[in-house]
Amino acid sequence: QAAPLRWRLARLLRWACLQIVVALCYLPWLYMMLRHAGQRATEESPLEPALFARIYATVLMLGVDTNVGRYTWPVLGLTAFAICSSVLLWRRGDRRALAGTVALYLILPPGLIYLLSLPSTAFYTPATNARYFLLFVPAWYMLLGLSVAGWWRHWRGGAVVLAIALVALTGYFTLGYYDDR
């Protein structure tokens, strides 16, 4: 009994030391942030939550960051597909932990970006930019891949059609967006 307890304490101590090292790596950033505390990068008012969500969804799903109102229906369709597929994966227990992790990755960081973009007198408040959302695109494609894999187990022909449709839809809007650039 003593050996496993000693082993657990050693692991806890090693983990705590690593956390301290990570915290020390943030000290230069903390110093810079505190020097600029109370400043805003822009005088613009923050985005409304609904507009923020629309921009986030459009950039995430289609890679387009301008004229997001034009892409409402494709984004709603992809959102519905992702939600239905996630529920299917969740209910069947297929890769539940991975699907949950990806979903959290798609929800929590953008939520924090929104909260940090709200005006504050205590912290430096950067203006929200659509390029920040590009960091979450891999998680979106991972969720789509998990969805198609879940459908593959259920209905192989439908999964092939879904995969082709997803690639075609994304490619169509992305190529249309970058056509004149």
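**Student:** Honestly, the packing of helix H3 (residues 49-62) against helix H4 (residues 72-92) in this entry has me stumped. Any pointers?
**Tutor:** Helix-helix packing is characterised by the crossing angle of the two axes and by the distance between the axes. Interhelical geometry of H3 versus H4 gives an angle of 75° and a closest axis separation of 10 Å. Judged by the angle between their axes, H3 and H4 are roughly perpendicular. Residues Arg54, Ala57, Thr58, Met61 and Leu62 of H3 touch H4, and the partners they reach there are Thr72, Pro74, Val75, Leu78 and Thr79. A per-class count over the contact of H3 with H4 returns six nonpolar, three polar and one charged.

**Student:** Mind showing me how you'd approach the packing of H4 against helix H6 (residues 137-154) here?
**Tutor:** Running from N to C, H4 and H6 point in directions that differ by 60°, and their axes come no closer than 9 Å. Put simply, H4 runs oblique to H6. In the crossing of H4 with H6, the sense of the turn from one axis to the other is left-handed. In this structure, H4 contributes Leu78, Phe81, Ala82, Ser85, Ser86, Leu88, Leu89 and Arg92 to the contact, and H6 contributes Trp140, Leu143, Leu144, Leu146, Ser147, Gly150, Trp151, Arg153 and His154. A class-by-class count of the residues in the contact of H4 with H6 yields 10 nonpolar, five polar and two charged.

**Student:** Can you help me understand the nonpolar core in this one?
**Tutor:** Generally speaking, soluble globular proteins have nonpolar side chains that are buried together. In this structure, Leu60, Met61, Leu62, Leu106, Phe133 and Trp140 are the most contacted members of the largest nonpolar core, which totals 32 residues. If near-sequence neighbours (up to four positions away) are discounted, tryptophan 140 is found in contact with Leu60, Met61, Leu78, Ala82 and Leu106.

Analysis parameters
- Residues numbered from 1 in each chain as written.
- Predicted model: local features only at pLDDT ≥ 70, side-chain atom pairs only at ≥ 80, totals over all residues.
- Heavy atoms only, no water.
- Axes fitted to C-alpha atoms, helices over the stretch in contact; angles between N-to-C directions.
- Helix = DSSP H or I, 4+ residues; strand = E, 2+ residues; numbered from the N terminus.
- Parallel < 35°, antiparallel > 145°, perpendicular 65-115°, else oblique.
- Contact = heavy atoms within 4.5 Å.
- Nonpolar A, V, L, I, M, F, W, Y, C, P; charged D, E, K, R; others polar.
- Left-handed = near helix turned anticlockwise from the far one by under 90°.
- Core = buried A, V, L, I, M, F, W, Y, C linked by side-chain atoms within 4.5 Å.
- Buried < 20%, exposed > 50% of the residue type's maximum accessible area, 1.4 Å probe, protein only.

By themselves, these are just geometric observations and shouldn't be taken as functional.
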